Amino acid sequence: MPSVSNKGLTMPQSPIRKLVPFAENAKKRGVTVIHLNIGQPDIKTPQQALDAVKNNNINVLEYSRTEGSEEFRTKIAKYYAKNDIHVNAADIIVTTGGSEALSFAMNTIADTDDEIIIPEPFYANYNGFATACGVTVVPVVSKLEDNFALPPIEDFEKLITPRTKAILICNPGNPTGYLYSKEEIQKLATLVKKHNIFLVADEVYREFTYDDKTHASILKEEGLEEHAIVIDSVSKRYSMCGARIGYLVSKNKEFIATSMKFAQARLSPPTYAQIASEAALDTPDSYFAEVKTEYVARRNILIAELEQIEGVKIARPQGAFYCIAELPIKDADHFAQWLLEDFNLNNETVMVAPAAGFYATEGLGKNQIRIAYVLDQESLKRAVRILKEALKSYKG
Ligand SMILES: Cc1ncc(COP(=O)(O)O)c(C=O)c1O
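A brief report on the enclosed structure follows. Quick caveat, the model's predicted, so the values are computed rather than measured.

## Points about helix α4 (residues 70-82)
Point 1. For α4, spanning 13 residues, the distance from its first C-alpha to its last is 19 Å, which sits close to the expected 18 Å at 1.5 Å a residue.
Point 2. Of the residues making up α4, those classed as buried are Phe72, Arg73, Ile76, Ala77, Tyr79 and Tyr80. One side of α4 holds all its buried residues, which, seen down the axis, span an arc of 155°. Exposed positions of α4 whose direction lies more than 90 degrees from the buried face are Glu71, Lys78 and Lys82.
Point 3. Tucked inside the fold, the buried residues of α4 contact β2 (92-95), β7 (228-233), β8 (246-249) and α10 (271-280).
Point 4. Downstream of α4 by a residue or two, Asp84 has a phi angle that is positive, lying close to 65°.

Structure (structure tokens):
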């Protein structure tokens with residue numbers, strides 16, 4: 001038989017999706033599965049985005065421009081200006097989701113075996129993109145006891161080698177929910193300038209900040225223009241995960257020109273999805289105010305309920321809609337599978353993401369799970385009750 005690539009063989013499975021067959025089997029057995037494993041919000045997509053696709057008179061569904069339509073990018077630049085981020089349409093490439101922006105960014109800045117330093121736990125697919133690009137992920141550990149704050153800057157500096165091309169952060173963080181402060185961003189900015197490397201910030205959850213905290217974008221840092229690369233997406237912002245639209249943003253002209261060549265190879269981002277995403281940019285601020293209120297209520301319920309369970313430790317999220325919980329078990333992979341295969345409470349069970357897949361360091365996160373609080377408050381309460389009872393019965 002012809003053989004597949006070594007790269008393919010080492011490609012990690014997504015910890016968020018790998019248990020799906022067990023969830024499907026549970027559903028076939030008539031068990032309801034509450035999905036806390038995936039960041040698919042239940043929030044309604046803004047109506048004007050849906051209407052824009054219905055109410056247009058396209059006769060030929062053509063390719064769009066490689067970098068996304070001029071009107072769309074001009075409107076995106078206005079969105080950033082409203083957020084006090086000053087970029088032009090020419091600094092933006094529209095991509096097929098933040099996912100493609102991540103892969104373009106890695107391919108643009110790194111050659112095979114180059115290194116990118118990432119605080120762990122991190123969005124698990126960074127491992128997948130890095131493997132596909134031949135890039136080595138160098139983790140720096142952030143800790144649950146510190147709420148997953150930025151590790152000491154010396155921990156980053158120790159890891160910098162001639163092969164280091166960038167530091168990659170996610171702000172606010174998936175899976176940690178941690179929101180980096182302006183001071184933390186400034187420390188990173190100083191470090192990347194000192195070592196002449198890139199700072200890549202995945203800011204797809206920019207709007208989701210709680211407790212009156214504001215988001216510190218790397219694009220606001222003066223003097224960081226040549227180093228800063230932002231990954232962005234409409235997926236979570238407007239609950240449009242299926243649109244598959246994201247953006248790559250940088251003031252570094254060489255970076256954008258080089259990324260454009262990767263973008264040209266895949267021709268263009270999807271046309272209908274750009275129409276929907278452009279209309280979504282008119283979403284009134286009241287939408288975000290409502291959505292934020294809902295997420296804060298969900299977070300508060302989730303944390304309060306989890307805190308009632310003996311032996312469970314949680315970091316308090318200040319942004320995004322995820323939290324890492326440490327459980328009184330040894331192997332969260334086994335526990336998560338057992339929840340789907342062998343446990344139910346009144347014919348309901350919970351699907352969670354085992355956290356080990358969000359770490360690059362072998363052995364870390366084994367007793368942790370990631371919970372996405374993307375469901376209504378009642379479902380979250382039921383889900384935590386199920387977890388509580390499950391932990392009493394689990395003999396792993
Ligand atoms: C931190 C982070 N970055 C990027 C993505 C990719 O998003 P998309 O490709 O849907 O824009 C996700 C999706 O969950 C994410 O959580």
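## Brief notes about the site of the ligand
Point 1. Around the ligand there are 13 residues in total, and Gly98, Ser99, Asp202, Tyr205 and Ser233 lie nearest to it.
Point 2. Between the ligand and Ser99, the relevant distance is 2.5 Å, taken from an oxygen atom to a side-chain nitrogen or oxygen of the residue.
Point 3. A distance of 2.6 Å separates an oxygen atom of the ligand from a polar atom in the side chain of Ser233.
Point 4. The protein chains hide 93% of the 400 Å² of surface that the ligand would expose on its own.
Point 5. For the shell around the ligand, the element with the highest residue contribution is helix α5 (residues 97-109), accounting for 3 residues.
Point 6. Class assignment of the residues belonging to the shell around the ligand gives a composition of 4 nonpolar, 6 polar and 3 charged.

Calculation rules
- Residues numbered from 1 in each chain as written.
- Predicted model: local features only at pLDDT ≥ 70, side-chain atom pairs only at ≥ 80, totals over all residues.
- Heavy atoms only, no water.
- Helix = DSSP H or I, 4+ residues; strand = E, 2+ residues; numbered from the N terminus.
- Expected span 1.5 Å × (residues − 1).
- Buried < 20%, exposed > 50% of the residue type's maximum accessible area, 1.4 Å probe, protein only.
- Arc of directions from axis to C-beta.
- Contact = heavy atoms within 4.5 Å.
- Near = heavy atom within 4 Å.
- Polar contact = N/O pair within 3.5 Å; in protein donor to acceptor, adjacent residues only side chain to side chain.
- Areas by Shrake-Rupley, 256 points an atom, 1.4 Å probe, with all protein chains shown as cover.
- Nonpolar A, V, L, I, M, F, W, Y, C, P; charged D, E, K, R; others polar.

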